[in-house]
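# Structure at a glance
Chain by chain, the residues:
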Amino acid sequence: MKFEIKNLTIATIAALGIVAGGAGARAADQDIVETAVAAGQFKTLAAALNEAGLVSTLKGSGPFTVFAPTDAAFAKLPAGTVENLLKPENKDKLTAILTYHVVPGRVMAADVAKLQTAKTVNGKMLNVTTKGSGVTVNDANVTRADIATSNGVIHVVDTVILPPNN
């Protein structure tokens, strides 16, 4: 009996080690949503994706390129804007804004720098400007690029990108 308990204890410790090791998985092993949530600076984006019903899409096979606004980017919007967008009656507008941040395919920074425009999942075009080593998408600066995920890539932006006519 002692032998079985000892083996069970060793097996349990080994299993916990595997689970704990998996918690620190590299971003490339996680999808776009998991990577954004783990980063801790995209809580507003995660809430908005959930309200818009886009989580399952961005957990899908993709690939997708997401220009992800940080919580600080959302905080730059006029007071009450985020709360208003998260209301069920504004789901279409929220979806239009969020899908304007997503480009089909895996577009790495080296590719973005060669573009002047990019067609979004929303169907509207983003303007891409490169100055020196910096990239601007519409009025948003890319502050961190090429965060690889299992189903695409994330480029962090400092401003929420609003589609035309919104």
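These lines cover the structure that appears in this document, whether it is placed above or below.

Definitions and limits used
- Residues numbered from 1 in each chain as written.
- Predicted model: local features only at pLDDT ≥ 70, side-chain atom pairs only at ≥ 80, totals over all residues.
- Heavy atoms only, no water.
- Helix = DSSP H or I, 4+ residues; strand = E, 2+ residues; numbered from the N terminus.
- Buried < 20%, exposed > 50% of the residue type's maximum accessible area, 1.4 Å probe, protein only.
- Pairing = 2+ DSSP bridges.

### Some details on unusual backbone geometry
G62 connects to P63 through a cis peptide bond whose omega is 5°. You will see that N138, though not glycine, has its phi angle at about 55°, which is positive. Among the secondary structure elements, N138 is positioned in the loop between β5 (134-137) and β6 (140-149). Look at D146: it is not a glycine, yet its phi comes out positive at around 60°. Following the sequence through the fold, D146 ends up in strand β6. According to the relative accessible area criterion, D146 is partly exposed, its value standing at 33%.

### Here's the deal with the pairing of strand β7 (residues 152-157)
Regular strands place their side chains on alternate faces of the sheet. Among the six residues that make up β7, six are buried, leaving the element largely enclosed by the rest of the structure. Every second residue of β7 is oriented toward a common face, with G152, I154 and V156 on one face and V153, H155 and V157 on the other, all of them buried. In the sheet, strand β1 (residues 64-69) pairs with β7 via six bridges, with the strands oriented parallel. The residue bridging P69 from the neighbouring strand is V157, located in β7. The sheet contact formed by β6 and β7 spans five bridges and is antiparallel. Of the residues in β7, the one forming a bridge with I147 is I154.

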